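Each chain, written out:
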Amino acid sequence: MKYLDEYRDHRIARGLATEIAQSTTQPWVLMEICGGQTHTIMRYGLDELLPREIEIVHGPGCPVCVTPLETVDKAIALALRPDVILVSYGDMLRVPGSHSDLFRAKAQGADVRIAYSPMEAVKIARANPERKVVFLAIGFETTAPANAMAAWQARSEGLTNFSLLVSHVLVPPAIRALMVSQTNRVQGFIAPGHVCTVMGCAEYESLVRDFRVPIVVGGFEPVDILAAVLMLVRQLEAGEARLENQYVRSVSYQGNLPAQQLVGEVFEIGDQKWRGIGMIPQSGLRLREEYAAFDANRVFDLGEMSVDEPAECISARVLQGLKKPTDCAAFGMRCTPENPLGAPMVSTEGACAAYYHYRRHAVVKQEKLCQQSLQAK
Amino acid sequence: MAVIPSVVLTVEGATVCLAIPGKILEIQEQGPLRAARVQFGGIVRQVSLNFVPEAGLGDYVMVHVGFAISRIDAAEAERTYKVLEEMGELEAELPPAEA
């Protein structure tokens with residue numbers, strides 16, 4: 001397929017890896033924000049192509065992973081009401097809430113449906129006027145225009161049985177929170193190419209300026225990611241901090257203006273809790289007052305909940321790039337994609353799931369070698 | 001073709017942050033809403049064009065949860081790809097990397 005195959009060309013990838021190795025003279029810690037990029041790195045073993053000096057840590061950019069536990073619990077509570085049809089993106093279904101997940105609710109008889117696009121949820125509402133249809137509207141800036149369009153469409157049609165349970169997060173405030181954190185080790189960021197496709201690059205320019213940290217807007221194929229790493233290494237080695245755009249085929253400086261306009265019309269910025277990380281000021285989107293009739297929180301008077309994560313799950317530190325999934329004692333044993341303790345093991349964009357799918361054999365092999373060498377002693 | 005499974009996963013599996021490129025086969029005007037039939041490898045899906053009014057027949061668009069979010073800039077893509085390709089050609093002439 002055009003614009004995919006050529007960015008998976010191993011010849012070019014090797015060329016880039018050689019160039020990165022030649023450009024690197026000292027250790028650097030780089031973070032990719034987006035879970036889609038994490039998966040590409042693991043799937044193609046890009047971290048193993050890089051020189052030892054370059055450490056890649058994985059960021060919080062998995063929308064499913066950072067959706068608060070309370071939102072999952074609210075979705076389950078709504079789904080179990082007989083008058084409700086709960087519509088969700090597929091990868092939210094197995095995300096554990098505090099006691100259950102949407103799959104289990106479905107097995108208990110809840111009407112939970114999977115949609116590829118939020119517009120399908122609007123269609124379901126239109127076809128079921130006697131039921132209340134709730135769409136679990138999660139995501140980063142990439143998904144906000146689509147979710148905003150669903151709300152806008154429902155409002156312009158005058159639908160009275162459609163609402164959104166919103167959990168929307170924004171990338172730049174999360175980078176800011178990481179940078180001011182005492183534990184931060186990150187020296188350069190690969191910014192998420194699809195978020196920037198929608199939002200443009202201006203917000204990242206101010207991050208570069210405020211923290212003197214290089215940021216490269218990167219794509220999602222192996223060649224894209226290696227090219228972004230090379231751009232970061234060249235800047236770091238030269239002592240520079242600039243914003244660069246590797247993903248020019250999709251990202252423009254101003255972003256997608258019609259999408260930004262609709263998002264601004266439907267949503268407003270507010271404080272947002274991130275699962276595993278906590279509250280980050282002004283880091284989320286909520287429906288505007290004009291859309292109150294489409295806000296599931298108000299329609300159903302869900303109130304506030306506060307619940308704790310399972311103690312054994314270290315996803316909080318994984319999502320902040322402080323730990324690797326394989327540092328977790330439960331990884332691959334008590335926590336698997338079939339039976340996850342935390343959200344990053346569930347999502348197709350979660351770091352734990354990426355390591356589980358592409359690296360767990362390597363981990364087992366390493367452990368065996370370790371045990372053998374201990375026994376030999 | 002090795003790329004197909006992941007494409008199927010993205011189109012059918014409802015992942016939340018991935019977007020994939022597809023080619024516009026046909027434009028469908030539906031009142032104020034504008035949609036298109038878009039081809040992803042062997043799969044064709046209906047995609048909303050509301051956010052990329054400039055996209056036309058034969059263009060490639062990045063698609064996320066049923067919405068085109070950008071029209072791929074073919075000239076920019078070609079220009080940057082050429083630079084990358086030259087790097088790959090250089091690599092092919094070098095001896096294999098040491099383990």
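In case you missed it, the structure is sitting above this.
Below is a summary of the structure that appears in this document. (Residues numbered from 1 in each chain as written. Chains lettered and ligands numbered in written order. Predicted model: local features only at pLDDT ≥ 70, side-chain atom pairs only at ≥ 80, totals over all residues. Heavy atoms only, no water.)

### So, the overall build of chain A
Looking only at helices and strands, chain A has 16 helices and 11 strands in total. Its C-alpha radius of gyration of 21 Å places chain A within 12% of the 21 Å reference for a compact globule of 377 residues. With the C-alpha coordinates aligned to their principal axes, the bounding extent of chain A is approximately 65 × 55 × 45 Å. Relative to its 377 residues, chain A shows a buried fraction of 61%. The long-range share in chain A, meaning contacts at least 24 apart out of those at least 6 apart in sequence, stands at 78%. (Helix = DSSP H or I, 4+ residues; strand = E, 2+ residues; numbered from the N terminus. Rg over C-alpha atoms; globule rule 2.2 N^0.38 Å. Buried < 20%, exposed > 50% of the residue type's maximum accessible area, 1.4 Å probe, protein only. Contact = heavy atoms within 4.5 Å.)

### Details of the overall build of chain B
Tallying secondary structure elements over chain B gives 2 helices and 5 strands in all. Secondary structure of chain B in N-to-C order comes out as α-β-β-β-β-β-α. Burial statistics for chain B: of 99 residues in total, 45% are counted as buried. When contacts within chain B are restricted to residue pairs at least 6 apart in sequence, long-range pairs at least 24 apart make up 33% of them. Of the accessible surface of chain B, which amounts to about 5000 Å², a share of 55% is contributed by carbon and sulfur atoms. (Areas by Shrake-Rupley, 256 points an atom, 1.4 Å probe, with all protein chains shown as cover.)

### Observations concerning the pattern of salt bridges
All chains considered together, the criterion is met by 28 salt bridges over all chains. Glu-29 of chain B serves as the salt-bridge partner of Arg-34 of chain B, at 3.2 Å between the closest nitrogen and oxygen. According to the relative accessible area criterion, Glu-29 of chain B is exposed, its value standing at 56%. Put simply, Glu-76 of chain B and Arg-79 of chain B hold a salt bridge, and the shortest N to O gap is 2.8 Å. One end of the pair, Glu-76 of chain B, and the other, Arg-79 of chain B, are both in helix α2 (residues 74-93), 3 residues apart, so they sit about a helical turn from each other. Three or more residues joined by partner-sharing salt bridges are found here, namely Asp-47, Glu-48 and Arg-359 of chain A. (Salt bridge = Lys/Arg side-chain N within 4 Å of Asp/Glu carboxyl O.)

### Brief notes about the nonpolar core
Phe-162, Phe-189 and Val-229 of chain A are the most contacted members of the largest nonpolar core, which has 141 residues in total. Counting residues per element, this core draws most heavily on helix α12 (residues 222-237) of chain A, which supplies 10 residues. The residue makeup of this core includes at least three contributed by each of domain 1 (1-324) and domain 2 (325-376) of chain A. Residues in contact with Phe-189 of chain A, not counting those within four places in the same chain, are Met-31, Ile-33, Ile-175, Leu-178, Met-179, Val-213, Pro-214, Ile-215, Val-216 and Leu-232 of chain A. Judged by nonpolar contacts, the second largest core, of 15 residues, contains Ile-20, Leu-49, Ala-55 and Val-63 of chain B. (Core = buried A, V, L, I, M, F, W, Y, C linked by side-chain atoms within 4.5 Å. Domains from an automatic or database assignment.)

### Quick word on the interface of chain A and chain B
Between chain A and chain B, the residue contacts involve 53 residues of the former and 45 residues of the latter. Buried surface at the junction of chain A and chain B, summed over both partners, amounts to about 4200 Å²; 71% is from carbon and sulfur atoms. It is Met-1, Tyr-3 and Tyr-116 of chain A in chain A that bury the most area against chain B; as a group they hold 19% of the surface buried on that side. Between the two partners, chain A and chain B, sit 0 salt bridges. For the pair chain A and chain B, the number of links is 9 residue pairs in polar contact (both at pLDDT 80 or more). (Buried area = accessible area lost by both parts, 1.4 Å probe. Polar contact = N/O pair within 3.5 Å; in protein donor to acceptor, adjacent residues only side chain to side chain.)

### Focus on helix α11 (residues 202-211) of chain A
Listed in full, the buried residues belonging to α11 of chain A are Tyr-204, Ser-206, Leu-207 and Val-208 of chain A. Just downstream of α11 of chain A lies Arg-212 of chain A, where phi reads positive at about 45°.

### Looking at the side chain of Thr-197 of chain A
In this structure, Thr-197 of chain A sits in helix α10 (residues 193-199). Judged by its relative accessible area of 2%, Thr-197 of chain A is buried. Among the polar contacts listed, one links the side chain of Thr-197 of chain A to the backbone oxygen of Gly-193 of chain A, at a separation of 2.7 Å. The residues contacting Thr-197 of chain A, other than those within four sequence positions of it, are Tyr-247, Ser-250, Val-251, Gly-255 and Asn-256 of chain A together with Ile-69 and Ser-70 of chain B.

### Examining the state of the cysteines
Each disulfide consists of one covalent bond between the sulfur atoms belonging to two cysteines. All names here are of chain A. Following the criterion strictly, the structure yields 1 disulfide over all chains and no others. Disulfide pairing places Cys-62 opposite Cys-65 at an S-S distance of 2.2 Å. With the S-S bond torsion at 70°, the cross-link from Cys-62 to Cys-65 turns out right-handed. A single burial state applies to Cys-62 and to Cys-65, both of which are buried. Unpaired in terms of disulfides, Cys-313 finds its nearest cysteine sulfur in Cys-335, a separation of 6.2 Å. Judged by relative accessible area, Cys-335 falls into the buried class, the value being 10%. (Disulfide = S-S within 2.5 Å.)

Note that all results are geometric; they support no functional claim without further evidence.
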